[in-house]
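# Residue-level structure breakdown
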Amino acid sequence: MKLKLFNQKIKILIPLLFLLVSAVAMAQSKTITGTVLSAEDNMPLPGASVIVKGTTNGASTDFDGKFSLSVNSNQTTLTVSYLGYKTKDVAITSNTITVSLTADASTLDEIVVVGYGSVKKSDVVGAVTSVDIEEATAIPTTNVSEMLRGRAAGVQVNLSDARPGGDSNIVIRGKTSLDAGNDPLIIVDGIPYDSINDVAPEDITSIEILKDASSQAIYGSRASNGVILITTKRGKEGKINVNYHGYTTIQTLTRNFDVYDGEEFAQLRREANRTANGGVYLTDPEIFESLELETIQNGNYTDWEDVMLRDALLTSHSLNVSGGSEQTKVFSSLTYFKQDGLIPSSGFDRGTFRTNIDQKITDKLSMQANVNFQTSNQDRESNSIDFINISPLAQAYDANGDLLKLPFGPTTTRFNPLWNIRESVDEIKTRLTDINLVANYQITPSLSYKLNTFLRNRNADRGVYRTSLHSSGDGDVNGLATLRSENYKEQLIENIVDYKPKINQNHVLDFTFVHAINERSTEATQIVKSGFANDALGYNGDATAVVGEPVRDVEERKLVSFLGRVRYNLFDKYLFTFTARADGSTVFAENNKWGYFPAAAFAWKMHEESFLKNSQVVNQMKFRVSYGDTGNEGIEPFQSLGVAGALPYVFGGTTVGGFSGIDRLPNPNLKWETTTSLNLGLDFGLIKNRLTGTVEYYKANTTDLLFDRDLSGTSGYTVTRFNIGEVENKGVEVSLNAKIIRNQDLNWSVGVNWSTNSNKILSLDGSVDENGVPLDFVNDKLFIGESIDIIRTEIFDGIWQEGDDIANSAQPTAQPGFIKVVNITDTDPDVLNIGQEDLVIIDENPDWYGSVNTTLEYKGFELYADLYIDHGSTRFNPYQGESNSGAGLQGISNGIKVDYYTPENPSNKYPRPNVAADPFLDVLGVADASYVRLRTLSLGYNFPSDLLTKLGIRSLNVYATGTNLFTLTDYKSYSPEINPGSFPDTKGLTVGVKVGI
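Per an unreviewed UniProt entry, the recorded name for the chain is TonB-linked SusC/RagA family outer membrane protein, and the organism is Mariniflexile fucanivorans.

Structure, rendered in structure tokens:
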């Protein structure tokens, strides 16, 4: 009985005890709220870490620098940290705390990635520019090149292909080579990539651009055109973070010209025939076909731009997961991108998977594994996109709305472009696999060894099919297919030793030594076949005939490198870097396979000197100078050797196939192209670093230019590769960033980049004329003293008018309404004529280019705008200077509408329409391609953390972005960077969301 009573008491006491313990525990915990600010200007520090000291219990500050954290009553100290500021321990004296962090001079600078390592920005001695990733990724694209436009001074990005999956050209500090390529070297996580677009924008955490010899020389033979270093995201120790970014873009056409509508085009043809008929109009039946007359009568004209183009959708979804422990850290991402083209049947989609793993095995040994896998499919339009020239009198559809095969009538041969698009396929399927394994071993605290290995495999299969109804596949062809399979492989092994002897804080040394072996190979097979039984299987079907000979291309190149670098920091004021690299390449002749590329640099931290150390205005001031060599091996393999060509011969009365070394003349002395450059730079930070910037001057001379020259037939060869001449690039770059307003609710900053470059050919092959004047390569458009990129043409001088003294001019056969050009050299009226001596050379490159960007933040709202400017560029527009592109005003092809000359309306800008095109029509194609473009305008909102905490979300951002919203230019095209016959550029409106959990 007593035992039973005791058990009942225990059953009552245990719940009471549990409640008591819970109550005590609750009484011992409390919530601490607070704000973390910068002591310098009382600005909030978003993303600061607040942790209960000695525990893993912590929180991060929100956009306003605020935090909320639950702590136990026996916990008395918080540790607060923020990148670039000194970590601070704060006593918990109340439930509300304000923490002010002071800038840490030793960590104030961001970490900048350089070749084979990283340094603080304040210790950079070369011309290295860091790109703001948040701003760069505001553009919805997989074209990473376009993300760099206007982000760094001295980096010029030119759109080369606007179709989905297209790319752009990047030129850093001007073109250095005539024939060996001008593309920069792309390094991703220490690995060379042959395409910058092989990395997904969402995976990038930083981009650095190396522009001078000191920073580039570590990469030697592949760095003469600059180096772009890309670092991808990695896992960090702590909780698992999940991030999603998705957006949708509507793309629409952008242009600044009109074409002739039906009535205008009909009148243009009448005027052209009137001119050819001595000024007398012909009747419509004399100049129009019956179908055209019917169209004119019923007014059923065709707007070919409207029927050919459409608004297009672009979508992207990216999901990444990161986190880990002290031993293992992982970042993994999955991205899917899909873009439809403005032209039917064009599009691009790509899936990307990346995993970066960091594994600590022992205290000395660690490993990294980086895997990148991509699969993409590009659908290309399968017909000429030159729809601007199609007559609006032609018909795309019949009365029932069905496509017409022959829009100009059944007796004509020109096909409807929409018909050909429907009856064709052109697709490229690509599979890319990158595997990068890295082992790091800390031999001693000062000495480390790194083994870096890389394997890349890319397979690209292209299939083109023209059905039996297509203009290329009809008739006896019965379908036409082209199949091409290409495999690219690259292997890299690097042995890297880094030695940092510990001396004292006044003398800091860093030695780096690298041995590398790189091998690249390409194998390609192509076959063309016809005679398909049916069109059902497309290019996968059986064919009865092979057109021409199957093509098999195989090439391989190898590079062996040795390099060393010494960095010396004296008193944290004087910085020295010495670099040397030796490269041996298989593409050069046996006598000159090795190239040697030394460089040196010096930097002086002037703000550390006594005369500036206590300045209230100058916070940072660093002078830099560098000088050195880099090389270029950008030619195809075997070009120093003799290459055999087909040479059939008669043997025994029968012609048989044979080969002979008649194509390329061997050059056993072919050697490296070398660029020697000087760079002077000044970095500064003023007024508490509210104004920061960089000014650079550079001069680079490239010698032993690699160039192909055609040979006379009497030599027995057709071409040879040899070294010639010298090219010079010099220029000035300015980058400025101003933090105009900084307070708790409002931030406003402005950034400016400005660049100018002068490109000039100083010499060619040394040959001279009878007067000792160096000879130009006229046929190659290479002229000593001029830029590599030029236009050679007459100078437009208006339109001949009634009353002009045409008979005694240099164009005596001209008529009123013809184009007049400047007669430069001839003054003798007996020999007046327009000839080669009246041609002038015009530099296509801009006088300067740059960008202005601004960011305005108010509480959770963020507005970003980016304006890009190109001043002084010149281009040749065939749609204003070639008769085949409709510029001839002949009334045959449609074209860009202009206010042309007529006797009743005499223009001085455009000639009189004529059945025969004006002989000087090409001068009208030379046009100013300067432009100002609003590239990006983005408005976003970051939701407050107190709301997100209730939803279990770490961060939430929604935004709307406009791209290419307006362009101010006189160049008549869809974009001032491409001509109207190219795939049209677009403007876009994007809505997106970013979520962090």
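So, about the packing of aromatic side chains. As enumerated under the stated definition, the model contains 18 aromatic pairs in all. A centroid spacing of 4.6 Å and a plane angle of 35 degrees characterise the contact between Phe 588 and Trp 672, whose relative ring orientation is tilted. Separated by 84 residues along the polypeptide, Phe 588 in the loop between β29 (574-585) and β30 (594-605) and Trp 672 in the loop between β35 (659-665) and β36 (673-686) bring together distant segments of the chain. By relative accessible area, which is 1% here, Phe 588 ends up buried. Overall, the relative accessible area of 4% leaves Trp 672 in the buried class. Of the aromatic side chains, those joined through ring pairs into one cluster are Tyr 499, Phe 511 and Phe 513. Over the aromatic face of Tyr 868 sits the side chain of Arg 149, whose NZ or CZ is 5.5 Å from the ring centroid.

Moving on to unusual backbone geometry. The backbone of Asn 689 shows a phi angle near 60 degrees, a positive value even though the residue is not glycine. By secondary structure assignment, the location of Asn 689 is in the loop between β36 and β37 (691-710). On the basis of relative accessibility, which here comes to 15%, the residue Asn 689 falls in the buried class. A positive phi angle, near 55 degrees, is found at Asp 704, a position not held by glycine.

Right, let's talk about the nonpolar core for a bit. Ranked by internal contacts, the top residues of the largest apolar core, which has 24 residues, are Leu 148, Ile 170, Ile 196, Ile 207, Ile 228 and Ile 230. Of all the secondary-structure elements, those providing two or more residues to this core are α2 (133-136), α3 (144-147), β11 (155-159), β12 (168-172), β13 (185-188), β14 (191-193), β15 (204-210) and β16 (227-232). A per-element tally of this core places β15 first, with 3 residues. Non-local contacts of Ile 228, meaning those with residues more than four positions away in its chain, are made with Leu 148, Ile 170, Ile 172, Pro 184, Leu 185, Ile 186, Ile 187, Ile 196, Ile 207, Glu 208 and Ile 209. Formed by 23 residues, the second largest nonpolar core is a distinct cluster that contains Phe 265, Ala 810, Val 898 and Tyr 900.

Domain boundaries in the chain define domain 1 (28-101) and domain 2 (415-437 + 450-585). Domain 1 and domain 2 are separated by 50 Å when their C-alpha centres are compared.

Where like charges cluster on the molecular surface, the negative patch consists of Asp 261, Glu 263, Asp 303 and Asp 306. Among the structural elements, Glu 263 can be located in helix α5 (residues 262-276). A residue is classified by how much of its surface remains accessible, and Glu 263, at 56% relative accessible area, is exposed.

Conventions and cut-offs
Residues numbered from 1 in each chain as written. Predicted model: local features only at pLDDT ≥ 70, side-chain atom pairs only at ≥ 80, totals over all residues. Heavy atoms only, no water. Phe/Tyr/Trp six-rings, centres within 6.5 Å; stacked < 30°, edge-to-face > 60°. Helix = DSSP H or I, 4+ residues; strand = E, 2+ residues; numbered from the N terminus. Buried < 20%, exposed > 50% of the residue type's maximum accessible area, 1.4 Å probe, protein only. Lys NZ or Arg CZ within 6 Å of the ring centre and 35° of its normal. Core = buried A, V, L, I, M, F, W, Y, C linked by side-chain atoms within 4.5 Å. Contact = heavy atoms within 4.5 Å. Domains from an automatic or database assignment. Patch = residues over 30% accessible without salt bridge, like charges linked within 9 Å, V, L, I, M, F, W, Y side chains within 5 Å. Areas by Shrake-Rupley, 256 points an atom, 1.4 Å probe, with all protein chains shown as cover. Salt bridge = Lys/Arg side-chain N within 4 Å of Asp/Glu carboxyl O. Lys, Arg positive; Asp, Glu negative; His and termini not counted. Charge placed at Lys NZ, Arg CZ, Asp CG, Glu CD.

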